[in-house]
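# Examining the three-dimensional arrangement
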Amino acid sequence: MQLHIVKMFSLFVFVVYVCLDVFLVAQAVTVDCGKNSMSVRWTDAYSQVDPSLLRLGSCSPTQVSVKPQGSEAVFYAEFGACDIRRMVTINELVFETEITSRTTSYPVSCKYKRPEDWMPPRYDPVLFHIHGQGELSFRMALMKDDFSGVATTTTFSLGSTIPIAASFDQKTHQPLILLLDECVASTTPELGPDSNIYPLITNKGCLVDSKKTNSMFLPRNQMSEIRLSLQAFKFAIGEQVYLHCSLLAWDPRDLDGSKKVCHYDRKSSRWVLLDDPSQGSLCSCCDTNCQGRKKREITAGSSTSVLGPLVIEN
């Protein structure tokens, strides 16, 4: 009887391994790392996934094909676009993201030897410009208290207001709305695995810092701009602080749980949607896990921006 059980268990393990082997052969990801970009090819021998629904970070495929012998998606992304993260270690520069679908997630990365003379990039302490994916030009700036112009100082006392404006050039695009997907403070201009960070905006557009401070989003003057009033937070007092933010230009008619601008109103003890209070239910996930609708998404433009250094003093 025991021998029979052992044989059955061995057969079960064998079947599991066979299934895993078939799965790994059925779906494959290949990555070609360039000097400033990556090309990624995803293939599925059994056409189990609609390749048009795949995303590399926040970007859609640049090419898809569906044939009886299998499906394929091809991505091309420059570093700094598609929410590709840059990590810096002692020996390497690593650019990483994921290919995602409704049910799967495949890590993708390009690793380079860190040059001996490599130094973190220098940033204008007040202004930061970046050309994001989709040929949109994004801009972030520290502002005067009344937003009448750029700030004249980068030093703030604890509890004071840090006014920040972000925008993009609308150009000839259809009307788009600017979202702040994520924003964290760090003591370094590059985010690494050991970086000391302070979360400001997380969970796809939730200003989590507003639950414990007077930080808030301010009413918009135009859809392509967003104004953020931060209360100087107790983090790395007296040190240089950098703000790392992910910006996204999006269709304003297509807001959902993963595309929104929310802050917490401590007077009413509820989350508030900046652009349309009647859709405040989109913010209800801010205390849990925000997910978007499962459908084809088209990102008009995105960027990862770094603003700083600034200094918070007691």
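One structure accompanies this document, and this report is about it. (Residues numbered from 1 in each chain as written. Predicted model: local features only at pLDDT ≥ 70, side-chain atom pairs only at ≥ 80, totals over all residues. Heavy atoms only, no water.)

## Regarding the overall build of the protein
Along its length, the protein carries 1 helix and 21 strands. The buried share among the 314 residues of the protein stands at 46%. Contacts in the protein between residues at least 24 apart in sequence constitute 63% of all its contacts with a sequence separation of at least 6. When the accessible surface of the protein is split by element, carbon and sulfur atoms take 54% of a total near 16900 Å². (Helix = DSSP H or I, 4+ residues; strand = E, 2+ residues; numbered from the N terminus. Buried < 20%, exposed > 50% of the residue type's maximum accessible area, 1.4 Å probe, protein only. Contact = heavy atoms within 4.5 Å. Areas by Shrake-Rupley, 256 points an atom, 1.4 Å probe, with all protein chains shown as cover.)

## Re unusual backbone geometry
For the bond running from Gly-308 to Pro-309, omega is 10°, close enough to zero to count as cis. Tracing the backbone shows Pro-309 in strand S21 (residues 301-313).

## What about the pairing of S21?
Within S21, 11 of the 13 residues are buried, leaving the element largely enclosed by the surrounding structure. Sheet topology note: the strand S11 (residues 155-157)/S21 ladder contains 3 bridges and is parallel. Across the sheet, the residue bridging to Thr-155 is Val-311, located in S21. Of the strand pairs in this sheet, strand S18 (residues 240-250) and S21 are connected by 9 bridges, and their pairing is antiparallel. Opposite Gln-240, over in S21, you have Val-311 as the bridge partner. (Pairing = 2+ DSSP bridges.)

## Things to note about the environment of Gly-57
Position of Gly-57 relative to the elements: it lies in the loop between strand S3 (55-56) and strand S4 (63-67). Gly-57 sits 26 residues away from Asp-83 along the chain, and the two C-alpha atoms are 5.4 Å apart. Sequence-distant contacts of Gly-57, defined by excluding residues within four places in its chain, comprise Cys-82, Thr-97 and Glu-98.

## Notes on the state of the cysteines
In a disulfide, the sulfur atoms of two cysteines are covalently bonded to one another. If you walk through the whole model with that rule in mind, you get 5 disulfides. What pairs with Cys-206 in a disulfide is Cys-286, and their sulfur atoms sit 2.0 Å apart. Handedness here is read from the sign of the S-S torsion; for Cys-206 and Cys-286, about -80°, the answer is left-handed. Of this pair, Cys-206 sits in strand S15 (residues 206-207) while Cys-286 sits in the loop between strand S20 (270-273) and S21, placing them 80 residues apart in sequence. (Disulfide = S-S within 2.5 Å.)

## A word on the pairing of strand S13 (residues 177-186)
Where burial is concerned, most of S13 is hidden: 9 out of the 10 residues are buried. With 9 bridges joining them, S13 and S18 adopt antiparallel strand pairing. Note on S18: the bridge partner recorded for Leu-178 is Ala-249. Two elements, S13 and strand S14 (residues 197-201), share 4 bridges in a ladder whose sense is antiparallel. Considered in S14, the bridge of Cys-183 is made with Ile-201.

## Describing the sheet that holds S11
The strand order S11-S21-S18-S13-S14 describes an open sheet built from 5 strands, whose pairing is mixed. At either end of the open sheet lies a strand with only one pairing partner, and these are S11 and S14. Averaged over neighbouring strand pairs, the angle between their axes works out to 30° when direction is ignored. (Axes fitted to C-alpha atoms, helices over the stretch in contact; angles between N-to-C directions.)

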